[in-house]
Amino acid sequence: MRLVFIGPPGAGKGTQAALIIQRYNVVHLSTGDMLRAARDAQTEIGRKADEYMSRGQLVPDDIILAIVEERLSQPDCSRGFLLDGFPRTIPQAEALDQMLAARGTPLDVVLELQVPEEELFRRLAGRGRADDSPEVIRQRLVAYRNQTKPLLDYYGKTGLLRSVDGVGTVDEVFERIIGVLEAVAAKNR
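Residues numbered from 1 in each chain as written. Predicted model: local features only at pLDDT ≥ 70, side-chain atom pairs only at ≥ 80, totals over all residues. Heavy atoms only, no water.

*Asks:* Is there a simple way to think about the packing of helix α6 (residues 117–127) against helix α7 (residues 134–158) in this case?
*Replies:* When two helices pack together, you describe them by how their axes are tilted relative to each other and by the distance separating the axes. Relative to each other, α6 and α7 sit at 135°, their axes nearing to 10 Å. Here α6 lies oblique to α7, going by the angle between them. In the crossing of α6 with α7, the sense of the turn from one axis to the other is right-handed. The segment α6 lies against α7, with Glu117, Leu120, Phe121, Leu124, Ala125 and Arg127 engaging Pro134, Ile137, Arg138, Arg140, Leu141 and Arg145. Tallied by class, the residues present in the contact of α6 with α7 amount to seven nonpolar, no polar and five charged. (Axes fitted to C-alpha atoms, helices over the stretch in contact; angles between N-to-C directions. Helix = DSSP H or I, 4+ residues; strand = E, 2+ residues; numbered from the N terminus. Parallel < 35°, antiparallel > 145°, perpendicular 65-115°, else oblique. Left-handed = near helix turned anticlockwise from the far one by under 90°. Contact = heavy atoms within 4.5 Å. Nonpolar A, V, L, I, M, F, W, Y, C, P; charged D, E, K, R; others polar.)

Quick look at the structure:
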């Protein structure tokens, strides 16, 4: 199973991702983790990424894509992966599609976790983190909406997008996700 997981801050992606990777025995790929691992391993790409990260700048797409490609070529990814936090833009999505097509391992599904903004706000405010003030939460949700809407449209047109209601208990949401993933797996057999 090769999937991209999309959802706003506070939707429960981290919780659900942990359950998905355990159930389907796939690798959880977070671009943040991959960037830090490449930097720590002092690979050529990792050193380039660190030049930007150490200055607090965004790492350019070509470097992120190289890191993703390097990670996807590792043996543990052959049984599947869950990409979390990537792609974030249409150019990244197009590049990912091309990279996976060249390997003969296209995405199976793009899973969107949908949660109404009022619920997200309640969840994020309830965490009590310093960076979860009402104004910061609002900014994060607006940024997510602006950044993600084009991506949802893109994957909707490819037929890969499946949306899941993210409101309910952890188990209820997970059961909905399993239903979607099992339907996709059955269709792809």
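There's more to say after this.
*Asks:* Whenever I open this one, the environment of serine 163 confuses me. Can you help?
*Replies:* Relative to the helices and strands, serine 163 is located in strand β5 (residues 161–165). In the structure, serine 163 is positioned 104 residues away from valine 59 in sequence and 29 Å away in space, judged by C-alpha atoms. In contact with serine 163, not counting residues within four places along its chain, are Glu112 and Gln114. Engagement of the side chain of serine 163 in a polar contact is seen with the side chain of glutamate 112, the distance being 2.6 Å. (Polar contact = N/O pair within 3.5 Å; in protein donor to acceptor, adjacent residues only side chain to side chain.)

No statement about biological role is implied by the geometric values presented.
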